Every structure is written in structure tokens, then in C-alpha cells.
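Spelled out from the first residue to the last, the chains are:
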Amino acid sequence: MSTKIVIVGAGPGGLTAGMLLSSRGYNVTIYEKNQLPGGRNGPLSLGEYTFDTGPTFLIMKSLLDEIFQIAGKRPDDYLKFTKIDPLYQLVFPDGKKFSPPAEEGPLGEVMDRIWPGSSEGLKKYVKAETRKMERVAPLLSRPFLGFRDLLRKDFFRSIPVLNLHRNLFRELFRYFRREDLVYSFAFQAKYIGMSPWKAPSLFSILSWLEHSEGLYHVEGGLNRISFAMADIIREHGGIVETGKTVSAVDEKNGRASGVILADGTSVRADHVILNADFAYGASNLIPRKLLKRWHPEKLKRKLFSCSTFLIYLGLDCLYTDLPHHNIVFSRDYRRYVEEITETLIMPEDPSFYVHNPSLIDPSLAPPGNSSLYLLVPVPNNRSHIDWKKEAVPFRNRILALAEEKLGLQGLESHIREEKILSPEDWEKEYNVYDGAVFNLGHNFSQMLMFRPHNHFEEMNNLYLVGGGTHPGSGLPTIYQSGIIASSLIQREGSF
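Quick notes on the rules
- Residues numbered from 1 in each chain as written.
- Predicted model: local features only at pLDDT ≥ 70, side-chain atom pairs only at ≥ 80, totals over all residues.
- Heavy atoms only, no water.
- Pairing = 2+ DSSP bridges.
- Helix = DSSP H or I, 4+ residues; strand = E, 2+ residues; numbered from the N terminus.
- Axes fitted to C-alpha atoms, helices over the stretch in contact; angles between N-to-C directions.
- Contact = heavy atoms within 4.5 Å.
- Salt bridge = Lys/Arg side-chain N within 4 Å of Asp/Glu carboxyl O.
- Buried < 20%, exposed > 50% of the residue type's maximum accessible area, 1.4 Å probe, protein only.
- Polar contact = N/O pair within 3.5 Å; in protein donor to acceptor, adjacent residues only side chain to side chain.
- Parallel < 35°, antiparallel > 145°, perpendicular 65-115°, else oblique.
- Left-handed = near helix turned anticlockwise from the far one by under 90°.
- Nonpolar A, V, L, I, M, F, W, Y, C, P; charged D, E, K, R; others polar.
- Phe/Tyr/Trp six-rings, centres within 6.5 Å; stacked < 30°, edge-to-face > 60°.
- Patch = residues over 30% accessible without salt bridge, like charges linked within 9 Å, V, L, I, M, F, W, Y side chains within 5 Å.
- Areas by Shrake-Rupley, 256 points an atom, 1.4 Å probe, with all protein chains shown as cover.

Attention now goes to the sheet that holds strand β2 (residues 27-32). Strand pairing in a sheet relies on backbone hydrogen bonds, with the paired strands running either antiparallel or parallel. Ordered by their spatial adjacency, five strands build an open sheet running β9-β2-β1-β13-β19, and the pairing between neighbours is parallel. This sheet does not close on itself; its edge strands, each paired only once, are β9 (239-242) and β19 (462-464). With strand direction ignored, the average angle separating the axes of adjacent strands in the sheet is 20 degrees. Summarising the sheet, strand β1 (residues 4-8) and β2 pair through five bridges and their orientation is parallel. Counterpart to V8 in the pairing with β2 is Y31. Together, β1, β2 and β13 (271-274) form the strand contacts of helix α1 (residues 12-23), whose direction differs from that of β2 by roughly 160 degrees.

What the rule picks out here adds up to 29 salt bridges. Across the pair E171 and K132 runs a salt bridge whose closest N-O atoms are separated by 3.4 Å. Residue E171 is located in helix α6 (residues 168-173), and its partner K132 is located in helix α4 (residues 119-140); the two are separated by 39 residues in the primary sequence. The class of E171 is buried, set by a relative accessible area of 1%. Here D434 ties to R382 by a salt bridge, and the two come within 2.8 Å at their closest N and O atoms. One end of the pair, D434, is in the loop between α14 (423-430) and β19; the other, R382, is in the loop between β17 (370-378) and α13 (387-406), and 52 residues separate them in sequence.

For the rest of this paragraph, the subject is α13. Along α13, the residues classified as buried are W387, A391, F394, R395, I398, L399, L401, A402 and L406. The opening residue of α13, the one whose side-chain oxygen lies 3.2 Å from the backbone nitrogen of K388, is D386. G407 occupies a position one or two residues after α13 and carries a positive phi of about 70 degrees.

Helix α15 (residues 475-492) packs onto helix α2 (residues 61-70) with a crossing angle of 25 degrees between their chain directions and a minimal axis gap of 10 Å. As judged from the angle between their axes, α2 and α15 are roughly parallel. Pair α2 / α15 crosses with left-handed handedness. On α15, the residues touching L63, L64 and I67 of α2 are P476, Y479, Q480 and I483. Tallied by class, residues from the contact of α2 with α15 come to six nonpolar, one polar and no charged.

All told, the structure shown has 35 aromatic pairs when counted by the stated rule. Measuring from ring centre to ring centre gives 5.0 Å for F169 and W197, while their planes differ by 25 degrees; the resulting arrangement is stacked. Residue F169 is found in helix α6, and its partner W197 is found in the loop between α7 (179-186) and α8 (205-213); the two are separated by 28 residues along the sequence. Residue classification places W197 among the buried residues on the basis of a relative accessible area of 10%. Look at W426 and Y430: their rings are 5.0 Å apart centre to centre, the planes differ by 55 degrees, and that puts the pair in the tilted class. Highlighted residues: W426 and Y430, both in helix α14, separated by four residues, approximately one helical turn. For W426, a relative accessible area of 3% gives the class buried.

Together, L151, F156 and I159 make up an exposed nonpolar region whose accessible area comes to about 300 Å². Note that L151 resides in the loop between α4 and α5 (153-162). A relative accessible area of 61% places L151 in the exposed class.

With that settled, consider the sheet that holds strand β12 (residues 266-268). Pairing is antiparallel in the open sheet, where three strands are placed in the order β10-β11-β12. The open sheet has two edge strands, β10 (246-252) and β12, and neither has a second partner. With direction set aside, neighbouring strand axes in the sheet form an average angle of 35 degrees. Of the pairings in the sheet, the one linking strand β11 (residues 255-261) to β12 comprises three bridges and is antiparallel in character. Bridged to G258 within β12 is R268.

Looking at the element boundaries, R178 is found in the loop between α6 and α7. Under the relative-accessibility criterion, R178 is labelled partly exposed at 31%. Those residues in contact with R178, other than ones at most four positions away along the chain, are W115, P116, S118 and F173.

Below, the structure is given as C-alpha cells:
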């Protein structure tokens, strides 16, 4: 009888692990509380309009290609990819617009037209980040289970390029001596829900990854990746059970022995993989008697990311002059970031992101219509903002700003379907701890071995995937957590 794996949650980390393990002959069953796979990487449908719930673009497509290849599949047999170039449109408070091409040469030319002489800094940045990624990549692809993992050669080789004494903003200012240009390479700190003035300089690799590997749209939305992974698990004999809620990880003598479903059913397993939001899982699914370092009372003192306010709009028109990805910066970007990550107050002048995928993907809306997605980073629920009271006024303010800054004339009159997701909704509907959608903060004291381990240190036989474990938040690193967890299970022995 083959080794039985039970996975809690069909998010991207759980699906990755399930895909790899089922392809190697393991008996895999995934339980997902929603009716469709994907979790926050799943679809959101409003009438005839389809949206990605969370992530809207793919970076590091090479990693996804590798995962499919290991499972004996080709992603192009399941998914249609479109490379986005320019990457996005950045709109600054003074009305300046910057649409960075993916390639270094054209990018330098565009930068020099807006910020004369800045391409020299770009060359230095690319050289430094290429070296940094070469040193850091091995750390993101292996587990950190204890202090011994810090003593390996690859970690010591990475130290000179980590620049531990600098934050992300200071790191980037070395190359780009103009503040608005720095923002063009620093806003990616929002992918981990942190401030550029607080995030470690390590994360300067995020913008480099966008330029070195490009950004991709998947026809039907990035949620189709989750559907493809679920299909491949089934093709390898695995089971993806949707509409099935896990109420607890079962335990015997300090080991995960299976799971208990909401209907009381007990399911035995040789290994359990937890793909729930980590802090939610530690507070609700793992027996508290086993928890010490990650006890719910201690989690309350940990640093968590900001949250997001989402507006999904089904429109009866198509804004043909609006690019695929758009980011609008607030007048005082630093003040705004402090409001959402430190003082935790309602932002006075928010920055926001607008996704307009229907230009290149007509499958998302009826003919001549479009699915428009607006995202605003906001404080997590430790702010105690009353979103029942504030959601509609805040929504109105964001739509007014979108009309003003992006030229979306008559936006309100074109809305046929609409949904809002506030930080309160993330916590209640998606079980996101404190509504912190990017999970535990990515300060160094909560990274590598200091983050919850992929082989969970406080419960034997329990493995973690997702943004709350190593290597961290963001779609590519969540995929990587699934690779690491599946490798750890194989290392323990099978069959």
C-alpha cells in the first residue's frame, strides 16, 4: 500500500506538493473548504465576469515550468501564457507616467528620457542583482529546519550580498538617486506586504525578477494554474475534494496521524501537509498543547503584513487606453506606507493598483465588456478599522481617484457587477489571520529558520506550505514551499 498524504487546502502550495507527490506514486488527497480549488489563487465570478481573487500576474514562469516538468507534464498543454510588455504603467503624483519595458536595453532608454543619465545606475543594479540572485536562490529552494542549516556553505556565500545593514529603499537609492525612480523598483515590497523603508535589502531582487524573467498573464486568469494542477493530481490518481472543511489536524503521541473533517469524519494519513493560512491553522487546527514558539498567544506579538482592499467590477465597456497593469502612487508615498504598516490608520491619500486584463483576454467578460480589478494596500485588522462603516466611502474614494488619475471617465455608470473584499472579509471568508494577506512579516527575525519550518518543528509528521512558512509570501515562493515539503516527505522514506 502506498504512503498516504492528506493535504489541508488546495491553495498553490498544497496543489504544488500534491502534484509532485502524486506524480511519484504517493496516495494524495486534498481537502478544500471552497467549491473550487485555488484558495486566494482561485477564481471569483460575478455573473458573466471572472476575476482572479488574489494574484494577477505570474513572475518566475521558469519555476512553474520546472514543477510541471517534474510531474511529467508541459504547462503549455494546460495553459495559454501571454508575456506582458511593457510590464506595467506607473503613474506619479506630478502626472509623469513610466511604462518600463522588460528588456534592459529598452528599459534604459525609457529611463534616460524621463530621468536623464539613470541607465548607468540600471546597469550597476542589474549586475548586482544578478549576483545576489545567484547567491540567494539556493537558500530559497531548500529547507531551514534548525541552526545547522545556517552553517552550510551556500548561506555564508550569500552574506556579502545580503547587505543586512540596509533596508530596501536605501539599497535601491545607491543605484537610482531620484526618489520617484526608486519607487519604481521598490513598490514590489507590497508583494510581501511590507514597507520599503523596513523590508530587508534582500527584496531588491523582486523588481529584478520581473525584468529578467518577465510578467505573464494566463488566459482565464492565474486561477487557471490552480485548475491545471488539480487536473494533473487527478491524472496521477490523486483526489481533490472540494467543499470539504478540515476542522483539526489529528494527533497521536505528538505526531500528525490524519485530519478530522467538519462532519466528524476521521481520515488517517502517513503525512499531513497544512496549506491553511499558518497563523489561522496554528490558532484553530493544530492541538494547542503541542505549541510553544507558535502558540496563539505568542502569535499576537509577531509582526504581520498589511492587508488589501479589493474592488471587483464587471463593466459594460472596455477602457482600451488603460494598460494591463497600472499602479498609481500617492502624493506622499512614504507617509502612506507608514499609515498602512506602522500607525495602522485609514490612509488619507492611498496608492492603488488596477488590473485591466480584458484587453488581451476576452474570456473574462462578455463581448465589449471587461473585468476590472482594483487593489489598495491597507492596514491589517490590528488597526480596528470598522470596515462595515468605512468600506463604501473608501470604495467611492478609490473609484473617484481611478477616474481622475487613469482617465476612466464615467466609471460608475458602466458598473454591472461589483464585489468588495475588505480586511474583515479576508479574515472571515478566507480564514486569513488578522486579514494580513501576505502573512507573517518578512523581517530577518521571521525568515529562514526563524519562520515556521516546512517540516513543522512543533508537531511531528506535519508539513507546512504557503506564505506563512519558508521561503515566504508571493506566488513563486509559495510554489517553492510545495517543492520543499514534497522533497522532505520523500526524504523521510516512502512505500
